[in-house]
Every structure is written in C-alpha cells, then in structure tokens.
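Below are the chains, spelled out letter by letter.
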Amino acid sequence: MSSSQSSIPWFDDFLGVAYRYYDLRMNVVPLFTERKESMTIWNDTIHWWVDPSIKIRFVETGDDYWFILGSDSQKPATNVSFFKVLPKSEHYERFKKGHGGEAYLRLGVYKKQTLDDAKKNAMCACSHEARDHDEGDDDVCLFNDCDCKKFSSFQVNLSKRKKTISDIKFLDEKDVKDDPLTWNCLNVNKYSKEN
Ligand SMILES: [Zn+2]
Ligand SMILES: [Zn+2]
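Description of the structure in this document. Since the model is a prediction, treat every value here as computed from it, not as a measurement.

## Focus on the overall build of the protein chain
Right, on to step 1. If you tally the helices and strands in the protein chain, you get 4 helices and 11 strands.
Right, on to step 2. Seen through its principal axes, the protein chain has C-alpha atoms that stretch 60 × 35 × 35 Å.
Right, on to step 3. Put simply, of all contacts in the protein chain between residues at least 6 apart along the chain, 65% involve residues at least 24 apart.
Right, on to step 4. Surface exposure of the protein chain reaches about 11,300 Å², of which carbon and sulfur atoms provide 48%.
Right, on to step 5. Across the protein chain, 29 positive and 32 negative side-chain charges occur, with their mean positions spaced 6 Å apart.

Given below as structure tokens:
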C-alpha cells in the first residue's frame, strides 16, 4: 500500500447511496441533504478525480455492506475518499447483478416531499399514492386498512455532472488485504477502532 493512499482522509458524513438507471447506465449516487454541500464536494474533490483511477469497492458484512469510493486526484493535497456502512437493499442487489463493469458517478440531493410538493401518483412510505391521502391538515391515508397518519415520500435530484467508473469490485472481507483502497478504509475505520 502506498503512503499517498494511506494519507487520504476518509469521509462518511453523507446520507447514503442511491443506485439508479439514468442515461442508459447504472448510476452510483452518494446522497446529500443540501445542494450546496454536494456542489462543494464535487468542486473541491470529485471534479479533480482522474476517471480511469476511480474505484468503488463493496464489502458485505452480514446484513450490511461497506461502500468505499476513492480515486487519484489532480489535486492530491486536498483529496478525500468516501465510505459508508449501509444496510443491503434491493437497489444495491440490483446494482451488484446489473452494473456490467461500468457505472456513472453522480451526486444526489435527497429531498423529503410533503403532500403539497408531491405529484398525485407519488408513492407514500405506506405504499399508497399521494391521491389516496387526505388533503386536510393531517394527510392521513384514506385506505381503510392502512394506519398511515402522514404522507411521507422523497425525491432524489441527480447532478448533471458525472464521472465514469470502470473499476468496480465486490470483495470478501478476508480478501481486502490485497486491495489497497479497501484495506486502508477498513483498517482506519474498523480494525483500528475495535477492542
Ligand atoms: Zn401514507
Ligand atoms: Zn396508506
């Protein structure tokens, strides 16, 4: 493992990761709550990444997985690598099966929707559409057997700017020593914090 790799700080202060089809390709989308924050991350860090060196790694640990993202940068002094421990999801499994060795990296802004913002066919967390919710103050779901008291939904806005990732690996934890980025991540963020 190179010393430049081990000196890159790790960042996990983002919401999660969305996996979306967009522009005919799978997109890997780290999610932020504020558009301004995602712009800053893009401009300060990801903009300077060298596409062929961008790596994403996935390491499954039980019901969770580690998402790990890093790259060589044209501005190495301010480079940052990203990681997040996330619950396995349907979208994650779909990406794992369907990525085909290449994906786009975009940033996303996660926005909660109120009943007023939502289109009539937007889906609530209770699985019924916005039109099935009362438009009164409390937004209750009007389905008889549903106990949803308040409409809740979200939308993800994807950045137009993107980078191409062509180095994607799913690793077993026992094999991470052979992968410098992954080893560095688990070493700094997991093994050195155990005991
Ligand atoms: Zn509902
Ligand atoms: Zn409902």
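Still to come is the rest of the account.
## Thoughts on helix α4 (residues 180-189)
Right, on to step 1. When you tally the buried positions in α4, you get 7 out of 10 residues, the bulk of the element.
Right, on to step 2. Every buried residue belonging to α4 is among L181, T182, W183, N184, C185, L186 and N189, and all of these are buried.

## Describing the coordination of the zinc ion (ligand 1)
Right, on to step 1. Within the protein, the zinc ion (ligand 1) binds to C124 (SG), C126 (SG), H133 (NE2) and C148 (SG); these donor distances fall in the range 2.1 to 2.4 Å.
Right, on to step 2. Every donor counted, the 4 donor atoms about the zinc ion (ligand 1) form angles of 103 to 115 degrees at the centre, which fits tetrahedral coordination.
Right, on to step 3. Written as a sequence motif, the donor arrangement for the zinc ion (ligand 1) is C-x1-C-x6-H-x14-C.
Right, on to step 4. Between the zinc ion (ligand 1) and the zinc ion (ligand 2) the interatomic distance comes to 3.9 Å, and C126 is a ligand of both metals.

## A look at helix α2 (residues 35-44)
Right, on to step 1. Of the residues making up α2, those classed as buried are S38, I41 and W42. An end-on view of α2 places all buried positions within 95 degrees of arc, on one side of the element.
Right, on to step 2. Buried residues along α2 sit in contact with β1 (10-11), β3 (25-32), β6 (81-87), β7 (103-105), β8 (108-113) and β10 (163-165).

## Quick notes on the environment of C146
Right, on to step 1. Following the sequence through the fold, C146 ends up in the loop between β8 and β9 (153-158).
Right, on to step 2. Not counting the four nearest positions on each side in its chain, C146 is found in contact with C126, H128 and C141.

So, how was this worked out
Residues numbered from 1 in each chain as written. Chains lettered and ligands numbered in written order. Predicted model: local features only at pLDDT ≥ 70, side-chain atom pairs only at ≥ 80, totals over all residues. Heavy atoms only, no water. Helix = DSSP H or I, 4+ residues; strand = E, 2+ residues; numbered from the N terminus. Contact = heavy atoms within 4.5 Å. Areas by Shrake-Rupley, 256 points an atom, 1.4 Å probe, with all protein chains shown as cover. Lys, Arg positive; Asp, Glu negative; His and termini not counted. Charge placed at Lys NZ, Arg CZ, Asp CG, Glu CD. Buried < 20%, exposed > 50% of the residue type's maximum accessible area, 1.4 Å probe, protein only. Donors = N, O, S within 2.8 Å, 3.2 Å for Na, K, Ca; no water. Tetrahedral: all angles 85-135°; square planar, octahedral: opposite > 155°, others 65-115°. Arc of directions from axis to C-beta.

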